Amino acid sequence: MAPPHTVSPSDDRFADWIARLEEKHFAELTFPEVSRALRALSSTYVERRDKLAEGAALSGAGKRAAFALFYGPLHHLLLTHIVESVPGATQNITTLLDLGCGTGASGAAWASACQPRPRVIGIDRHPWTLGEAASAYRAFGLSATVRQGDVATAPLPKGPVAILAAFTMNELAEPARDALLTRLVERAGQGDRVLIVEPLAGFVARWWNRWRDTFEQAGGRADEWRLRTELPPIVAKLDRAAGLNHREITGRSLWL
Ligand SMILES: C[S@@+](CC[C@H](N)C(=O)[O-])C[C@H]1O[C@@H](n2cnc3c(N)ncnc32)[C@H](O)[C@@H]1O
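Counting from 1, residues in each chain are numbered in the order their sequence is written. Thresholds applied to this predicted model are a pLDDT of at least 70 for local features of residues and 80 or more for the giving and counting of side-chain atom pairs; totals over whole chains, interfaces and linings are not thresholded and use all residues.

Student: Break down the overall build of the chain for me, citing the residues and quoting the values.
Tutor: Helix and strand counts for the chain stand at eight helices and seven strands. Taken across its 256 residues, the chain has 42% of its residues classed as buried. Contacts here follow a simple rule: the backbone-placed C-beta atoms of the two residues must lie within 7 Å. A separation threshold of at least 6 residues defines the contact pool for the chain, and within that pool the share at least 24 residues apart is 77%. The secondary structure listing takes helices from DSSP runs of H or I that are at least 4 residues long and strands from runs of E that are at least 2 residues long, numbered from the N terminus. Neighbour counting defines burial: a residue surrounded by 20 or more other C-beta atoms within 10 Å of its own C-beta is buried, one with 12 or fewer is exposed, and intermediate counts give partly exposed, using backbone-placed C-beta atoms.

Student: So what's going on with the site of the ligand? Residues and values would help.
Tutor: Around the ligand, 21 residues are found, and the nearest of them are G100, G102, S106, R125 and A166. Put simply, the parts of the chain that give the shell around the ligand at least two residues each are helix 3 (61–85) and helix 4 (105–113). Examining the composition of the shell around the ligand, we find that three residues originate from one element, helix 3, more than from any other. Residue polarity is assigned by list, with Asp, Glu, Lys and Arg as charged and Ala, Val, Leu, Ile, Met, Phe, Trp, Tyr, Cys and Pro as nonpolar; anything else, Gly included, falls into the polar class. Tallied by class, residues from the shell around the ligand come to eight nonpolar, nine polar and four charged. Here, nearness is defined through the C-beta atom: a residue counts as near a molecule or strand if that backbone-placed atom lies within 6 Å of it.

Student: Which residues make up the pairing of strand 7 (residues 248–255), and what values go with them?
Tutor: Where burial is concerned, most of strand 7 is hidden: six out of the eight residues are buried. Summarising the sheet, strand 5 (residues 193–198) and strand 7 pair through four bridges and their orientation is antiparallel. Each residue of the ladder has a partner; that of I196, found in strand 7, is L254. Two strands pair if DSSP finds at least two bridges between them. Pairing of strand 6 (residues 221–228) with strand 7, which is carried by eight bridges, proceeds in the antiparallel orientation. When the sheet's bridge partners are listed, R228 is paired in strand 7 with E248.

Student: Please set out the packing of helix 1 (residues 11–25) against helix 3 residue by residue, giving values where relevant.
Tutor: Helix axes use the C-alpha atoms of the stretch in contact, all axes being lines fitted to C-alpha atoms, and the angles between their N-to-C directions lie in the range 0 to 180 degrees. Two elements in contact, helix 1 and helix 3, have axes separated by 9 Å at closest approach and are oriented at 170 degrees. Taken together, the axes of helix 1 and helix 3 are roughly antiparallel relative to one another. Between helix 1 and helix 3, the residues in contact are F14, I18, L21, E22 and H25 and A65, A68, L69, P73 and H76, respectively. Of the residues assigned to the contact of helix 1 with helix 3, the class counts are seven nonpolar, two polar and one charged. Roughly parallel means an angle under 35 degrees; roughly antiparallel, over 145; roughly perpendicular, 65 to 115; everything else is oblique.

What follows is the structure, given as structure tokens:
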């Protein structure tokens, strides 16, 4: 069997970021409380997707802790792998716009992989995420601003800018998603770079194939990712305790 691929997210900062998340969230909650919340959170993402628009994923301290401690590091590892694999994704970026930034995990991964590091603007509709994202960008030594807003209607900064929507598009209602994706394809035509990342599971993003065709026709690329890598200990422990299985971190991306 091939050895697991090793992702090297930006040095010790990744470990320090997770250590700080553990310290913060386990100050208020026990491990069994967080692992129970992780089960509830993963069922929200799979079986109760209609509740996402109401903010069900981030309702309550347990789900927030599970989101920050579990999905954050997984998204960070996946994004690091994607941007290091897609040619040209880490060069000449001065501003990175993190749409639906959540805890900042994915945006911090992309920005940290860039040389030189861009400034980051994180936007999210959920007020709790903004403090988390600001601390994550800080933990990775990035210069960043965060603001509350609806990504469907938020004005995009003047280009050139690299625009990330990681695990965000599937939470938008279809008309808003189509309108935003249309704007992003137009912006790519003006010199911006666009990266969309979503789960592999087809039911999460039924719109995927249509937009994959649009991105490819515009000169972009679509990829599927299956990453085997060592998980941070707290992520592996939560994975086991919640009965999930992330021996592989998977996802798919559109790049233009
Ligand atoms: C699954 S999380 C992903 C967070 C982060 N991008 C990551 O990769 O870890 C989706 C995020 O999108 C945000 N979101 C969903 N719809 C939004 C909207 N219309 N405007 C702004 N943020 C939105 C949610 O609040 C949540 O933080």
